[in-house]
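# An overview of the molecular structure
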Amino acid sequence: MVRTASFSLAALALLVMCAALLAAPAHAARVKDLANVQGVRNNQLVGYGLVVGLDGTGDQTTQTPFTTQSLMSMLSNLGINVPPGTRLQLKNVAAVMVTATLPPFSQPGQQLDVTVSSMGNAKSLRGGTLLLTPLKGLDGEVYAMAQGSVSVGGAGASAAGSRAQINHLSAGRIPSGATVEREVPTPFADDGALRLELATADFATVRSMVDAINRSFGPGTATALDGRVIELRTPMSPNERVFFMAQIEDLEVAGSRAPARVVINARTGSVVMNQSVRLAPVAVAHGNLSVTVSSTPSVSQPAPFANGQTVVTERADIEIRQGGGPIMHLDGGAQLADVVKALNLLGATPQDLISILQALKTAGALTAELEII
């Protein structure tokens with residue numbers, strides 16, 4: 001058995017492609033792509049329910065007692081009393097968690113898609129039906145009710161101890177499976193001023209957005225509060241306010257260049273840089289290290305009638321080879337493509353590139369923020 005520490009240069013070629021795509025100058029973007037109206041957002045809903053009608057693929061009640069307790073409680077609410085001490089043997093019922101996203105401005109009667117996920121040991125939710133399940137928000141209030149047939153995108157079969165499965169069977173969706181029962185109030189309906197909130201705090205973008213709004217609607221319409229929030233002076237009438245925000249969202253704003261950042265995924269060896277990365281003149285020495293571990297099994301057989309035991313041992317041979325590490329001078333790079341090409345001259349693999357970038361940052365030659373995920 002041989003294990004060799006080696007890496008591929010395929011991911012480095014991807015960096016060169018990213019350099020060509022990201023080297024273009026910043027372009028204008030719409031306000032709706034950069035900011036949201038503060039307080040106008042989605043709300044997450046969650047609920048606990050039961051899926052019935054499964055073909056023997058439900059929870060094993062001896063290992064998931066909460067499924068039995070939930071079913072008995074539901075039957076009691078329906079006027080059916082189960083004798084105390086009765087041990088239900090269920091195979092067609094599964095306990096599930098139901099989640100949904102409540103969009104802003106949702107009104108009672110609106111339909112929502114829901115996701116149903118098994119929380120026990122059910123083998124499959126295929127063919128099941130979710131019973132009426134209340135969906136609650138963070139405040140504990142019920143905002144929607146869910147019920148319907150669960151659609152599962154996978155399939156599976158088992159026989160004689162063998163099993164074949166395609167995709168995931170323990171989760172599914174119910175299109176339009178929930179009905180909104182309660183409206184979530186938003187600040188858009190208030191008479192006060194509205195606020196735009198940028199997805200990413202940036203003073204230059206806030207300045208450009210305020211200038212664009214005031215040029216189109218007059219001075220004083222937009223006021224910057226900080227590097228993320230802009231306050232708008234809006235019309236009082238709800239109808240006029242809707243038209244006003246529609247025009248605001250379609251305004252073109254000159255976007256600023258993002259701060260220099262290098263994102264490193266140490267688990268996969270992925271390295272991604274944006275176009276603001278700069279490299280100062282620096283000298284780098286890089287060597288290739290290869291470690292090879294070979295294991296050979298060795299059997300010790302005792303002589304006949306010696307009352308001994310056969311012993312299997314393993315002999316390991318470890319070989320370390322280190323290639324030459326010449327010192328190379330890298331000129332300062334003003335573009336991402338120049339940085340990638342300079343590092344490519346060293347023949348660095350993605351894993352080696354992580355160590356080189358960290359060393360360049362420590363030496364002060366790399367003008368970027370390193371983020372390791």
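Structure shown above.
Cut-off values and rules
- Residues numbered from 1 in each chain as written.
- Predicted model: local features only at pLDDT ≥ 70, side-chain atom pairs only at ≥ 80, totals over all residues.
- Heavy atoms only, no water.
- Helix = DSSP H or I, 4+ residues; strand = E, 2+ residues; numbered from the N terminus.
- Contact = heavy atoms within 4.5 Å.
- Areas by Shrake-Rupley, 256 points an atom, 1.4 Å probe, with all protein chains shown as cover.
- Pairing = 2+ DSSP bridges.
- Axes fitted to C-alpha atoms, helices over the stretch in contact; angles between N-to-C directions.
- Expected span 1.5 Å × (residues − 1).
- Buried < 20%, exposed > 50% of the residue type's maximum accessible area, 1.4 Å probe, protein only.
- Arc of directions from axis to C-beta.
- Core = buried A, V, L, I, M, F, W, Y, C linked by side-chain atoms within 4.5 Å.
- Salt bridge = Lys/Arg side-chain N within 4 Å of Asp/Glu carboxyl O.
- Lys, Arg positive; Asp, Glu negative; His and termini not counted.

Turning our eyes to something else, we now look at the overall build of the protein. Helices and strands together make up the secondary structure of the protein, namely seven helices and 24 strands. A separation threshold of at least 6 residues defines the contact pool for the protein, and within that pool the share at least 24 residues apart is 70%. A total accessible area of about 21800 Å² is found for the protein, and carbon and sulfur atoms account for 55% of it.

Both strand S4 (residues 43-52) and strand S5 (residues 94-102) contribute to a ladder of nine bridges, which runs antiparallel. Within S5, the position partnered with Val-51 by the bridge is Ala-94. Pairing of S5 with strand S6 (residues 111-118), which is carried by five bridges, proceeds in the antiparallel orientation. Across the sheet, Met-97 pairs through a bridge with Ser-117, a residue of S6.

With that settled, the discussion passes to the sheet that holds strand S17 (residues 270-273). Spatial strand order, S17-S16-S24: three strands in an open sheet with mixed pairing. Sheet topology places S17 and strand S24 (369-372) at the edges, where each strand pairs with a single neighbour. Across this sheet, the average inter-strand angle for adjacent strands is 15°, counted without regard to direction. Pairing between strand S16 (residues 261-265) and S17: four bridges, direction antiparallel. Paired with Val-262 across the two strands is Met-273, which belongs to S17.

Time to look at the side chain of Thr-186. You can see Thr-186 is positioned in the loop between strand S11 (171-180) and strand S12 (194-198). Excluding its chain neighbours within four sequence positions, the residues that come into contact with Thr-186 are Gly-39, Val-40 and Phe-105.

Taking 1.5 Å of rise per residue, twelve residues should cover 16 Å, and helix H5 (residues 238-249) covers 16 Å from first to last C-alpha, within 8% of that figure. Listing the buried residues of H5 in full gives Arg-241, Phe-244, Met-245 and Ile-248. Looking straight down H5, one finds that the buried residues subtend no more than 95° of arc, so they occupy a single side. Set apart from the buried face of H5 by more than 90 degrees, the exposed residues are Asn-239 and Phe-243.

A word on the nonpolar core. The biggest cluster of nonpolar side chains holds 24 residues, and the ones touching the most others in it are Val-98, Val-114, Val-116, Leu-130 and Leu-135. Looking at this core element by element, the count peaks at five residues for S5. If we skip the residues at most four places from it in the chain, Val-116 touches Val-51, Val-96, Met-97, Val-98, Leu-125, Leu-130, Val-150, Ser-170, Ala-171, Gly-172 and Ile-174. Grouped together as the second largest cluster of nonpolar side chains are 21 residues, Val-37, Phe-188, Ala-212 and Leu-251 included.

Before going further, it helps to spend a moment on the pattern of salt bridges. Inspection of every chain in the model, using the stated rule, returns six salt bridges. The partner of Asp-113 in a salt bridge is Arg-173, and the shortest N-O contact between them spans 3.5 Å. Of this pair, Asp-113 sits in strand S6 while Arg-173 sits in strand S11, and the two are 60 residues apart along the sequence. Overall, the relative accessible area of 39% leaves Asp-113 in the partly exposed class. The class of Arg-173 is partly exposed, set by a relative accessible area of 41%.

With that out of the way, let us pick up the side chain of Asp-59. Positionally, Asp-59 belongs in the loop between S4 and helix H3 (65-77). No salt bridge forms around the buried Asp-59; measuring N to O, its nearest opposite-charge neighbour Lys-123 is 11 Å away. Setting aside residues no more than four positions away along its own chain, Asp-59 makes contact with Thr-64, Thr-67, Leu-90, Val-93, Ala-94, Ala-95, Ser-118, Gly-120, Asn-121 and Ala-122.

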